[in-house]
Amino acid sequence: MKLFLDTANVAQVAEVARWGVLDGVTTNPSLVAKEGKDFKAVVLEMCQHVPCVSAQVTAPDVEGMKRQGEEYASWHKHVVVKVPMTVGGLEVVKYLSGKKIKTNVTLVFSVAQAILAAKAGATIISPFVGRLDDIGEDGMGLIKEIMEVWQHSKFATEVLVASTRHPRHIVDAGKLGAHICTIPYEVFVKLPKHTLTDNGYKKFQEDWGKVKK
Ligand code: E4P
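A short tour of the structure in this document, coming up. Source: prediction; values computed, not measured.

Mapped onto the elements, Lys82 comes out in strand S4 (residues 79–84). Asp6 provides the closest opposite charge to the buried, salt-bridge-free Lys82, at an N-O distance of 5.1 Å. In this structure, Lys82 is in contact with Thr26, Thr27, Asn28, Ser54, Ala55, Gln56, Val57, Asn104 and Thr106, ignoring residues within four places of it in sequence.

The next point concerns the pairing of strand S6 (residues 124–127). The alternating pattern of S6 places Ile124 and Ser126 on one face and Ile125 and Pro127 on the opposite face, and all of these are buried. Pairing analysis gives 3 bridges linking strand S5 (residues 103–108) to S6, with the strands arranged parallel. Looking at S6, one finds that Val108 is bridged to Pro127. Handedness of the S5-helix H6 (residues 111–120)-S6 crossover: right-handed. Note that S6 and strand S7 (residues 158–161) share 2 bridges and pair parallel. Looking at S7, one finds that Ile124 is bridged to Glu158.

A contiguous patch of negative charge, built from Asp133, Glu137, Asp138 and Glu145, is present on the exposed surface. Mapped onto the secondary structure, Asp133 falls in helix H7 (residues 129–134).

Each value, and the rule that gives it
Residues numbered from 1 in each chain as written. Predicted model: local features only at pLDDT ≥ 70, side-chain atom pairs only at ≥ 80, totals over all residues. Heavy atoms only, no water. Helix = DSSP H or I, 4+ residues; strand = E, 2+ residues; numbered from the N terminus. Buried < 20%, exposed > 50% of the residue type's maximum accessible area, 1.4 Å probe, protein only. Lys, Arg positive; Asp, Glu negative; His and termini not counted. Salt bridge = Lys/Arg side-chain N within 4 Å of Asp/Glu carboxyl O. Contact = heavy atoms within 4.5 Å. Pairing = 2+ DSSP bridges. Right-handed = clockwise from strand over helix to strand, strands pointing away. Patch = residues over 30% accessible without salt bridge, like charges linked within 9 Å, V, L, I, M, F, W, Y side chains within 5 Å. Areas by Shrake-Rupley, 256 points an atom, 1.4 Å probe, with all protein chains shown as cover. Charge placed at Lys NZ, Arg CZ, Asp CG, Glu CD.

By themselves, these observations are geometric and do not establish any function.
What follows is the structure, encoded as structure tokens:
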């Protein structure tokens with residue numbers, strides 16, 4: 001299972017990359033806007049830290065998205081072009097996959113969308129669990145159904161669990177066999193923590209101080 005950071009903050013990526021557990025980064029227009037930095041510069045800096053950085057196309061039409069996708073892919077070999085799950089987006093994914101450009105189809109909220117994106121040639125699909133939970137639906141239930149279909153259809157497309165809100169989402173995604181989980185920084189830093197670890201570590205350190213050396 002691969003772990004990605006869901007952020008456009010380069011310092012956060014550099015910090016978690018130092019732990020030796022980070023496989024990639026997902027950005028989106030909202031995360032990039034929050035940082036107030038130059039988009040290309042941010043993407044290129046992140047490419048120095050991880051082998052997979054999703055950069056989302058924003059053009060309103062198919063031709064524009066194709067052009068943006070080709071441009072982003074030309075920036076660095078670690079760039080994966082993020083494309084919205086629309087009919088036009090599917091066309092863009094088919095076009096980019098024909099050019100061997102990696103794609104991540106975002107805003108996936110149903111199994112039918114997941115199947116279409118995979119058939120169009122997406123490298124990755126991103127079903128959003130948290131936003132489904134937010135409206136009272138079962139986000140992880142969607143992942144379960146997608147993974148069932150994947151077992152039968154043997155799609156090469158990787159399933160990335162997005163819009164995660166808490167550590168349990170990561171565990172459940174792993175148990176369901178999802179390939180990737182993208183995690184906000186605030187949730188990622190909770191993953192190494194356990195009260196018993198903290199207490200046990202403190203006691204070991206204290207007792208070591210009592211040992212004759
Ligand atoms: C995925 O690539 C998206 O950037 C992200 O997971 C969206 O999460 P949100 O619902 O917390 O905005």
